[in-house]
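In case you want the letters, here they are:
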Amino acid sequence: MNVDYLSREFTHQTGQKFTDYLTNLRIAKAKVLLKGCQNEKIYTIADKVGFANNPQYFIQLFKSATGMTPRAWIKYGVMEKPLI
């Protein structure tokens, strides 16, 4: 199997690109980690969700996905609504 085939098949099966899926998964995990860590550095969270090489990029993606920076997310204690 080659990468192009897997990419097309993933998009066909899920309706989204693999990179979008992975980014959403990483942001969701970051939200969970940020919820309970007032004193942890943002670059540590970035490392834990797979952005160790570029924490600034993590901050940009997080802000794009949530409308606020990770630090603001911690400060305002944003909680997502339950899906139920």
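Note that the coordinates shown come from a computational prediction; the quantities given were computed from them, not determined experimentally. (Residues numbered from 1 in each chain as written. Predicted model: local features only at pLDDT ≥ 70, side-chain atom pairs only at ≥ 80, totals over all residues. Heavy atoms only, no water.)

S.K.: Please clarify how the overall build of the protein should be interpreted in this entry.
M.R.: Looking only at helices and strands, one finds 5 helices and 0 strands in the protein. For the protein, the N- to C-terminal ordering of α and β elements is α-α-α-α-α. Overall, the protein is about 45 × 35 × 20 Å in size when its C-alpha atoms are taken along their principal axes. A burial count over the protein gives 20% of its 84 residues as buried. Summed over all atoms, the accessible surface of the protein reaches about 6500 Å², with 55% contributed by carbon and sulfur. With 12 positive and 6 negative side-chain charges, the protein shows a separation of 11 Å between the mean positions of the two kinds. (Helix = DSSP H or I, 4+ residues; strand = E, 2+ residues; numbered from the N terminus. Buried < 20%, exposed > 50% of the residue type's maximum accessible area, 1.4 Å probe, protein only. Areas by Shrake-Rupley, 256 points an atom, 1.4 Å probe, with all protein chains shown as cover. Lys, Arg positive; Asp, Glu negative; His and termini not counted. Charge placed at Lys NZ, Arg CZ, Asp CG, Glu CD.)

S.K.: Any chance you could explain the environment of N2 here in plain terms?
M.R.: By secondary structure assignment, the location of N2 is in the segment before α1 (3-14). Separated by 2.7 Å, the side chain of N2 and the backbone nitrogen of Y5 make a polar contact. (Polar contact = N/O pair within 3.5 Å; in protein donor to acceptor, adjacent residues only side chain to side chain.)

S.K.: Looking at this structure, I do not really get the nonpolar core. What am I missing?
M.R.: Proteins that are soluble and globular tend to have nonpolar side chains buried together. Core analysis: the largest hydrophobic core is formed by 14 residues, its most contacted members being A30, L34, I45, F51, F58 and F62. Put simply, the parts of the chain that give this core at least two residues each are α2 (18-35), α3 (42-48), α4 (55-66) and α5 (70-76). Aside from chain neighbours lying at most four places away, what touches F62 is I27, A30, K31, L34, G67, M68, T69, P70 and W73. (Core = buried A, V, L, I, M, F, W, Y, C linked by side-chain atoms within 4.5 Å. Contact = heavy atoms within 4.5 Å.)

S.K.: Explain a nonpolar patch on the surface here, please?
M.R.: A surface patch of nonpolar side chains, about 380 Å² in accessible area, is lined by M1, Y5 and L6. When you line up the elements, L6 lands in helix α1. (Patch = residues over 30% accessible without salt bridge, like charges linked within 9 Å, V, L, I, M, F, W, Y side chains within 5 Å. Salt bridge = Lys/Arg side-chain N within 4 Å of Asp/Glu carboxyl O.)

S.K.: Can you walk me through the environment of V32 in this structure?
M.R.: For V32, the position within the fold is in helix α2. Given a relative accessible area of 53%, V32 falls into the exposed group. Separated by 20 residues in sequence, V32 and A52 place their C-alpha atoms 18 Å apart.

S.K.: What am I meant to see in the packing of α2 against α4 here?
M.R.: In a pair of packed helices, the angle between the axes and the distance between the axes together describe the arrangement. Closest axis-to-axis distance for the α2/α4 pair is 10 Å, and the angle between their directions is 90 degrees. Relative to α4, the element α2 is oriented roughly perpendicular. Taken together, the residues of α4 that come into contact with α2 (itself represented by T23, I27, A30, K31 and L34) are F58, L61, F62, A65 and T66. (Axes fitted to C-alpha atoms, helices over the stretch in contact; angles between N-to-C directions. Parallel < 35°, antiparallel > 145°, perpendicular 65-115°, else oblique.)

S.K.: Would you take a moment to explain the pattern of salt bridges for this structure?
M.R.: Note on pairing: side chains with opposite charge can pair once their charged atoms come close. A complete count under the given rule lists 1 salt bridge for this structure. With a closest N to O distance of 2.8 Å, K48 and E40 form a salt bridge. The class of E40 is partly exposed, set by a relative accessible area of 22%.

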